[in-house]
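Listed below are the residues making up each chain.
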Amino acid sequence: MEKILVTGAVGQIGSELVEALRDKYCNENVVAAGHRTKPTKEMKEAGPFEFVDVLDKDAIKLVIKKYNIDTVYHMGAVLSATGEEKPQLAFRVNIIGLYNVLEVGRECELERIMVPSSIAAFGPDTPTENTPNETIMRPTTMYGVSKVTGELLGNYYFKRFGLDVRGIRYPGIISNKTLPGGGTTDYAVEIFYEAIKNKHYVCFLKEDSTLPMMYMPDAIKGLISLSEADINQLKHHCDYNLAAVSFSPGELVSEIQRIIPDFKCEYKPDFRQEIADSWPKSIDDTAAREEWGWEPLYDLRAMTLDMIEKLRIKLGHG
Ligand code: AKB
């Protein structure tokens, strides 16, 4: 049975990933690790939890040894918008933090390290429609720079040290359990909370700003499927494009209005618009489909229906 460590476990993806991995591999085999944010009562009571700063290599090593870890899902990261406000922090956490995890992985001979990348690894020179897996990678955000670096480092550790590092380029992730924080695609989560609570939302991106997006169940399924894929089938390692849906704020608003007809949205683009403008609008994920059978389950309509149903219960707006 695998013994897994999840860094960034209290974050948007990490929190649901821990739940899914605990369901699959048993609670006691999945160690959740956060930096400072306290875990929920459920996360703490269900299985082991540790506070770990990814900038402290010895602390990472200690936890890996303590629990006899063989697989790490390294989800701890600073996202794009925060990364532009605090580029030095983003550099340290996303690049030095990852380097520490890879070095510990090499020293402890870990079986596998999963490291998510992002559509932010692309930049304004990249073709924006159906962006190929292999294309121009010249990001203009610190977050994007850190993600390209992460992909290259992961591929290097595989080739040079035989460490099995794998990763996917996530689009914006939409979810209803833990709020995202500091991302450019966060509007696509906030909008649901505001639509249900106040029937009004002020969007920080333009109405027609199309970006690739994905519903959380698909994001979790994708990462776990890649982790379980037969290594002999993989031609890539840390750089798989992953697509599900692409939509603009305007298209999402129309979809929400099918269920909440009096919902209104205003548009006041801020500094995050420039980040969004540097990213692809849609992604070609043929490599992931062919090499490990990737297939998303949720389209825009199914995701919107499920989000509103779940959030109405959560927010007591039944
Ligand atoms: C962000 O908006 O920074 C992230 C991402 C696309 O990687 N959600």
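Above this text you will find the structure in question.
The notes below deal with the structure included here. Since we're looking at a predicted model, the values are computed, not measured. Every residue gets a number counted from 1 within its own chain, in the order that chain's sequence is written. Reporting of local features is limited, given that this is a predicted model, to residues whose pLDDT is at least 70; pairs of side-chain atoms are given and counted only at 80 or more, and all residues count toward the totals for whole chains, interfaces and linings. Excluding hydrogens and water, the side-chain figures rest on all heavy atoms present in the structure.

Quick look at the sheet that holds strand 6 (residues 117-118)
- Pairing between two strands is assigned when DSSP locates at least 2 bridges connecting them. Put simply, DSSP marks the helices as runs of H or I at least four residues long and the strands as runs of E at least two long, and each gets a number from the N terminus on. Across the sheet, which stays open at both edges, the 3 strands sit in the order 6-8-12 with parallel pairing between neighbours. With partners counted over all chains shown, the strands left at the sheet margins are strand 6 and strand 12 (240-241), one partner each.
- Summarising the sheet, strand 8 (residues 168-170) and strand 12 pair through 2 bridges and their orientation is parallel. Along strand 12, the bridge assignment pairs I168 with Y240.
- In the packing of helix 8 (residues 216-228) onto the sheet, the strands contacted are strand 8 and strand 12, and the crossing angle to strand 8 comes to about 170°. Residue contacts follow a heavy-atom distance rule, with two residues in contact if any of their heavy atoms lie within 4.5 Å. Simply put, an axis is a line fit to the C-alpha atoms, just over the touching stretch for a helix, and the angle between two N-to-C directions goes from 0 to 180 degrees.

A few points about the site of the ligand
- Inspection of the region around the ligand gives L79, S80, S118, I119, Y143, G183, T184, T185 and W279 as its neighbouring residues.
- N or O atoms within 3.5 Å of each other form a polar contact, as long as, within protein, one can give a hydrogen and the other can take it, and as long as residues adjacent in sequence are counted only when both atoms are side-chain atoms. Contact distances for the ligand include 2.5 Å between an oxygen atom and a side-chain N or O atom of S80.
- Contact distances for the ligand include 2.9 Å between a nitrogen atom and a side-chain N or O atom of T185.
- In these tables, accessible area is a Shrake-Rupley quantity obtained with a 1.4 Å probe, and a residue counts as shielded only by the protein chains included in the view. For the ligand, whose unbound accessible area comes to 250 Å², protein coverage reaches 94%.
- Three residue categories are used. Nonpolar comprises Ala, Val, Leu, Ile, Met, Phe, Trp, Tyr, Cys and Pro, charged comprises Asp, Glu, Lys and Arg, and polar comprises the others, including Gly. Tallied by class, the residues present in the shell around the ligand amount to 4 nonpolar, 5 polar and no charged.
- As annotated, the domain borders come from an automatic or database domain assignment. Here the shell around the ligand spans two domains, since at least three of its residues come from each of domain 1 (4-171 + 214-241) and domain 2 (174-213 + 245-278 + 298-315). Here a residue counts as near a molecule or strand whenever at least one of its heavy atoms sits within 4 Å of it.

Section: the environment of G11
- Among the secondary structure elements, G11 is positioned in the loop between strand 1 (4-7) and helix 1 (12-25).
- In this structure the C-alpha to C-alpha distance between G11 and T178, which are 167 residues apart in sequence, comes to 6.9 Å.

With respect to the packing of helix 7 (residues 187-197) against helix 12 (residues 300-314)
- Remark: helix 7 packs on helix 12, axes separated minimally by 10 Å, with the N-to-C direction vectors making an angle of 55°. Here helix 7 is positioned oblique relative to helix 12, judged by the angle of their axes. The two elements helix 7 and helix 12 cross, and the hand of that crossing is right-handed. Seen from helix 7, the contacting residues are F192, Y193 and I196; seen from helix 12, they are M303, T304, M307, I308, L311, R312 and K314. Note that the term roughly parallel is reserved for angles under 35 degrees, roughly antiparallel for angles over 145, roughly perpendicular for angles of 65 to 115, and oblique for everything else. Crossing handedness: left-handed means the near helix sits turned counterclockwise from the far one by under a right angle, and right-handed means the same turn made clockwise.

Details of unusual backbone geometry
- Of note in this structure, N68 is not a glycine but carries a positive phi near 60°.
- Its place among the elements puts N68 in the loop between helix 3 (57-66) and strand 4 (71-74).
- The class for N68 is exposed, based on a relative accessible area of 59%.
- A positive phi angle, near 50°, is found at E109, a position not held by glycine. Using a 1.4 Å probe on the protein chains alone, a residue whose accessible area is under 20% of its type maximum counts as buried, one over 50% counts as exposed, and one in between counts as partly exposed.

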